[in-house]
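Survey of secondary and tertiary structure
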Amino acid sequence: WTLPRPFSVSPTVAEKTGAPGFGTRSKGVGILAFATCNEWSVRLVPTCAAGAGAPPPAPCGVAVMEVEVVNEESESVERSSLATQNRHSARTTVPQLESQPLPPSFRQRGSPPRPVVFQDELKQARQKNIAIDELFFELANAAVVGYRCPNKATAIVSIVQAPLIQDCTGGVVWETAFALAGYLVGRVIELLPSASTRPSVIELGAGCGLLGAVLANAGCDVLMTEVEQAMPHLSHNVACNQPAPPGWLKSSRLVWDDSADIVEVWRVAGPGLEARGFDGIVATDVIFEVALVQPLLRTMHRMVSSAGVVFVCVQVRCADAHRAFLEAAQDYFSEIKCLTDDLGQRDVTAWAAACDCELYHLS
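Presented here is an overview of the structure given in this document. Given the structure is predicted, the values throughout are model-derived calculations rather than measurements.

Rules used in this analysis
Residues numbered from 1 in each chain as written. Predicted model: local features only at pLDDT ≥ 70, side-chain atom pairs only at ≥ 80, totals over all residues. Heavy atoms only, no water. Helix = DSSP H or I, 4+ residues; strand = E, 2+ residues; numbered from the N terminus. Polar contact = N/O pair within 3.5 Å; in protein donor to acceptor, adjacent residues only side chain to side chain. Pairing = 2+ DSSP bridges. Axes fitted to C-alpha atoms, helices over the stretch in contact; angles between N-to-C directions. Core = buried A, V, L, I, M, F, W, Y, C linked by side-chain atoms within 4.5 Å. Buried < 20%, exposed > 50% of the residue type's maximum accessible area, 1.4 Å probe, protein only. Contact = heavy atoms within 4.5 Å. Left-handed = near helix turned anticlockwise from the far one by under 90°. Nonpolar A, V, L, I, M, F, W, Y, C, P; charged D, E, K, R; others polar. Phe/Tyr/Trp six-rings, centres within 6.5 Å; stacked < 30°, edge-to-face > 60°.

**Regarding the side chain of T225**
Locating T225 in the fold gives a position in strand β11 (residues 221-226). Of the polar contacts made by the side chain of T225, one reaches the backbone oxygen of E203; its length is 2.7 Å.

This is the structure in structure tokens:
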């Protein structure tokens, strides 16, 4: 389960605590967070419609939580309801929450916080024998995550996370985006053959935009796409991570296999690309619903050039959808290779197996 970070509590609670947002992320069920602010304590207590002791909601549902704010001196209690979104769902609504690109404390200071850089956190985790789940726990809770581009020692792609985006899961950077970035960066020319000096790449389901921004700053021209709900935040991260000229990084709305959206994608991409197609397509965590498998594959087939390649990195969210994708992909592509073992051969992606990341190459 993913708890939106930061989550909003009632105005009364916000006024009394002086801090309107706390948050965390946990794979377990139980008390998900406990935080303190001066003399106030904030804890999250799961509630079930079936009563105490009832099992948690099924996947793709919304779990209602109670935010309990307790004054340690007077023992007075303020409560505010919120919702947690199951990370396996792409269509779950999160009611009573307002999207916030940055935690309130950062907005008040007027400047974003320093990014939590993935490679630095990974190095520290190895040195301190920190479990990989704990590493991604911390990254998911960071307001801004960063990724250091290896060909530019000082160039860090900074991605603001927005966990309160409604109706999609594009508000945080998932493990598969880090995995595919690590696999591709440093050898884009080798893995994405192109007639030009900068391979053209389209990302489907870009989310916050980390993968596409990393590739753009590593030598590709990139167009990132998402559903309407995620576009304002994605566009913000695109604007903040522009590569040096003549490279470009753009974004466009795209509902898979929607003809009008595809026409707009070609317009945004610029002249010439529609005729030849993109050199590469990248996508992470895009296989989660059987009904979306065919639209996804049709979009990939329409967008990639005749000599182009597709990289898909996923965690198995829905076994039926996963199976349907691998079977139907044979109707659209002549070669499908599983490169999951290759992830373990690179130092920056050796952790991916522990997170059940799977990598596929379609051509």
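Back to the text.
**Structural notes on the environment of R323**
For R323, the position within the fold is in helix α12 (residues 319-328). It is 9.8 Å that separates the C-alpha atoms of R323 and V293, two residues lying 30 residues apart in sequence.

**Describing the sheet that holds strand β13 (residues 278-284)**
Ordered by their spatial adjacency, seven strands build an open sheet running β12-β11-β10-β13-β14-β16-β15, and the pairing between neighbours is mixed. The open sheet terminates on both sides in strands that have one partner only, identified here as β12 (249-253) and β15 (336-338). When strand polarity is set aside, the average angle formed by the axes of neighbouring strands in this sheet is 20 degrees. Here strand β10 (residues 200-204) pairs with β13 via four bridges, running parallel.

**Observations regarding the nonpolar core**
Ranked by size, the top nonpolar core spans 53 residues in total, and within it F136, F178, L210, L215, F311 and W351 carry the most contacts. Not counting chain neighbours up to four residues away, the residues in contact with F311 comprise L180, Y183, L184, L191, L192, I281, V282, A283, L339, L359, Y360 and H361. If you look at the next biggest cluster of nonpolar residues, it comprises 34 residues, including L292, L297, Y360 and L362.

**Let's talk about the packing of helix α11 (residues 293-303) against α12**
Put simply, α11 and α12 touch, their axes get as near as 10 Å, and they point 35 degrees apart. Pair α11 / α12 crosses with right-handed handedness. Seen from α11, the contacting residues are V293, Q294, L296, L297 and M300; seen from α12, they are A321, A324, F325 and A328. Here the contact of α11 with α12 is built from residues that sort into eight nonpolar, one polar and no charged.

**A look at the packing of aromatic side chains**
Overall, the coordinates contain eight aromatic pairs when judged by the stated rule. Between F118 and Y147 the ring centres are 5.8 Å apart and the planes differ by 5 degrees, which places this aromatic pair in the stacked class. Here F118, found in helix α3 (residues 118-127), pairs with Y147, found in strand β8 (residues 144-148); they are 29 residues apart in sequence, far enough to count as distant. For F118, a relative accessible area of 0% gives the class buried. Judged by its relative accessible area of 2%, Y147 falls in the buried class.

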